[in-house]
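A closer look at the structure
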Amino acid sequence: MTTPDLKGRTDAPPTPAATAAASRSLSARRRSDTIRGWMYMAPFAIAFVLFLVWPTISGFYMSFTARSLTGAGSELVGLANYSEAFGDSEMWKSLWNTVVFTVLSTIPLVVVALLLATLVNMNLKGQWVWRLSFFMPFLLASTVVSQFWLWMYNPQLGLVNEVLGWVGIEPKAWLQDPSTAMMSVVVTTVWWTVGFNFLLYLSALQNVPDHQYEAAALDGASTTRQFFSITLPQLGPTTVLVSILQLLASLKVFDQIYQMTGGGPGGATRPILQYVYEVGFTGYRLGYASAISYIFFFLIVVVSVVNIVVINRRGARS
């Protein structure tokens, strides 16, 4: 049965042939879109497999061999490399140095970034100058930063000893003394990288609703009370993000320590990644270096999982 329209025409239902043709056309368009999507994704997929997936699999396999940088020793040795690594005192010392650096650097990189962002967010004059000065060091290459602070820490001509001498403090060889070398590198790292965390906090602060501060002021809350009752709770997600990013970045430290102290004095600042480098490219033991790197990779995965669990629990409670 057909239904007449306003002009007296009738709309007949589509025939099976027309329905089949429309279905084939739709399927063809979907296949074309799928092929086009894979073509767009192919360059990234190829690079991802070549530079991440394959090296990961190859390195894991290498950790079970006695592979040398010379190409010899490709035979499987089972868990011998892992067994040796767990009994390697130098590996544990390097891992401990990495943990110490992570703890010493993560806390000030979170706290200092928050304080700087709060200061800039107080509508001080010349805000662009403050933002630029706090963020500019983050744009510098690690080699530039390392060389700059090597001059600063110079025992004879460095600015650090010069300034401390004004208040009667004796000059020190900051990077040559095992008791001060690690802290010196931490200070350099905080100065260099705090700008990134500063921007994250500043962005979060600018999204805090003004009416909350206005209501608190009407209730007689002081500025300090507003900071701890309004600002810090609002910055909770940003603090979690900054802490995780900084924790993972500090665990992977290598550049500035290698360029400033070379891991010295006496291995007091050598991180685990530098030890992997030395074992693989100085000691020519690629298989053993791979085993150490995967032990460290496993520890990073554990830290990441613990962070995720803690974040999820806090989110569930809130």
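Throughout, residues of each chain are indexed from 1 in the direction in which the sequence is written. The predicted nature of this model means local features are confined to residues of pLDDT at least 70 and side-chain atom pairs, given and counted, to a pLDDT of 80 or more, with totals for whole chains, interfaces and linings taken over all residues. To obtain the side-chain values, all non-hydrogen atoms of the structure were used and water was disregarded.

1. A look at the overall build of the protein chain
By the criteria applied, helices consist of DSSP H or I runs no shorter than four residues and strands consist of E runs no shorter than two, each listed in order from the N terminus. Within the protein chain, the regular secondary structure consists of 13 helices and 0 strands. Element order for the protein chain, N to C, with α for helix and β for strand: α-α-α-α-α-α-α-α-α-α-α-α-α. Radius of gyration means the value over C-alpha atoms here, while the globule rule gives 2.2 Å times the residue count to the 0.38 power. The C-alpha radius of gyration computed for the protein chain amounts to 29 Å, which surpasses the reference 20 Å derived for 318 residues by more than 25%, pointing to a less compact arrangement than a globule. When the backbone C-alpha atoms are referred to their principal axes, the protein chain occupies close to 105 × 75 × 40 Å. Exposed residues in this analysis have more than 50% of their type's maximum accessible area, buried residues have under 20%, and partly exposed residues fall in between, with area computed by a 1.4 Å probe over protein chains only. In the protein chain, which comprises 318 residues, the proportion classed as buried is 31%. By definition, residues are in contact when any of their heavy atoms lie within 4.5 Å. Partitioning the intrachain contacts of the protein chain with sequence separation of at least 6 by distance along the chain shows that 64% fall at a separation of at least 24. Total accessible area on the protein chain stands at roughly 19700 Å², and carbon and sulfur atoms take up 68% of it. Accessibility throughout is a Shrake-Rupley quantity obtained with a 1.4 Å probe, and a residue counts as covered only by protein chains that appear here.

2. Overview of the packing of aromatic side chains
Ring pairs shown here join Phe, Tyr and Trp side chains whose ring centres sit within 6.5 Å, with only the six-membered ring taken for Trp; geometry is labelled stacked below 30 degrees between planes, edge-to-face above 60, and tilted in between. If you walk through the whole model with that rule in mind, you get 19 aromatic pairs. Pairing F227 with F228 gives two aromatic rings, centres 5.3 Å apart and planes at 90°, and the pair type is edge-to-face. Put simply, the rings of F60, F64, Y82, Y294 and F297 pair up and form one aromatic cluster.

3. With respect to the environment of T65
Within the element layout of this structure, T65 appears in the loop between α1 (16-62) and α2 (80-86). Distance from T65 to W92, taken between C-alpha atoms, is 22 Å for residues 27 residues apart in sequence. Here a polar contact is taken to be a pair of N or O atoms separated by no more than 3.5 Å, where protein atoms must pair a possible hydrogen donor with a possible acceptor and residues adjacent in sequence count only if both atoms sit in side chains. Only 2.8 Å separates the side chain of T65 from the backbone oxygen of M62, close enough to count as a polar contact. Only 3.3 Å separates the side chain of T65 from the backbone nitrogen of R67, close enough to count as a polar contact.

4. Looking at the pattern of salt bridges
Opposite charge on two side chains permits pairing when their charged atoms draw close. Counted as salt bridges are all cases of a side-chain nitrogen of Lys or Arg within 4 Å of a carboxyl oxygen of Asp or Glu. The tally for this structure, following the rule as stated, stands at 4 salt bridges. E278 serves as the salt-bridge partner of R270, at 3.1 Å between the closest nitrogen and oxygen. The exposure class of E278 is partly exposed, given its relative accessible area of 23%. Taken together, the salt bridges that share partners define one network made up of E90, R270 and E278.

5. Concerning the nonpolar core
Of all hydrophobic cores here, the largest spans 33 residues; its most connected members are F101, A117, W149, Y153, F198, Y201 and L235. Sorting the residues of this core by element identifies α3 (89-120), α5 (142-152), α7 (181-205) and α11 (255-260) as the ones contributing at least two each. Here the element with the most residues in this core is α7; it accounts for 11 residues. Residues Y82, L95, I292 and F296 belong to the second largest nonpolar core, which totals 17 residues. Take the buried residues of types Ala, Val, Leu, Ile, Met, Phe, Trp, Tyr and Cys, join any two whose side-chain atoms come within 4.5 Å, and each joined set is a nonpolar core.

6. Re the environment of F196
As for its position among the elements, F196 is in helix α7. Here F196 is in contact with F135, F138 and L245, once residues within four sequence places are set aside.

7. Concerning the packing of helix α8 (residues 210-218) against helix α9 (residues 223-234)
Geometry is summarised by axes, namely lines fitted to C-alpha atoms with helices restricted to the contacting stretch, and by angles between N-to-C directions that run from 0 to 180 degrees. The N-to-C vectors of α8 and α9 enclose an angle of 160°; their axes lie 10 Å apart at closest approach. Between α8 and α9, the angle is such that the two are roughly antiparallel. Relative to α9, α8 is oriented so that their crossing is right-handed. Taking contact as the criterion, the partners of Q212, Y213, A216 and A217 in α8 are, on α9, Q226, I230, T231 and Q234. Classes in brief: Ala, Val, Leu, Ile, Met, Phe, Trp, Tyr, Cys and Pro nonpolar; Asp, Glu, Lys and Arg charged; the others, Gly included, polar. Of the residues in the contact of α8 with α9, the class split is 4 nonpolar, 4 polar and no charged. We call two directions roughly parallel when the angle between them is under 35 degrees, roughly antiparallel when it is over 145, roughly perpendicular when it lies between 65 and 115, and oblique otherwise. Note on convention: near helix rotated counterclockwise from far helix by under a right angle means a left-handed crossing. Clockwise means right-handed.

8. A closer look at unusual backbone geometry
A cis amide bond links G264 to the next residue, P265, at an omega of -5°. With respect to the helices and strands, the residue P265 is situated in the loop between α11 and α12 (272-282). In this structure, Y284 is a non-glycine residue whose phi angle is positive, near 65°. Examined against the element boundaries, Y284 turns out to sit in the loop between α12 and α13 (286-317). On the basis of relative accessibility, which here comes to 43%, the residue Y284 falls in the partly exposed class.

9. Overview of α5
S142, V145, S146, W149 and M152 are the residues of α5 that are buried. The buried residues of α5 all sit within an arc of 120° when viewed along its axis, so they share a single face. Contacts from the buried residues of α5 go to α6 (159-166), α7 and α11. Regarding the arc, it is the one traced by the directions from the helix axis to the C-beta atoms.

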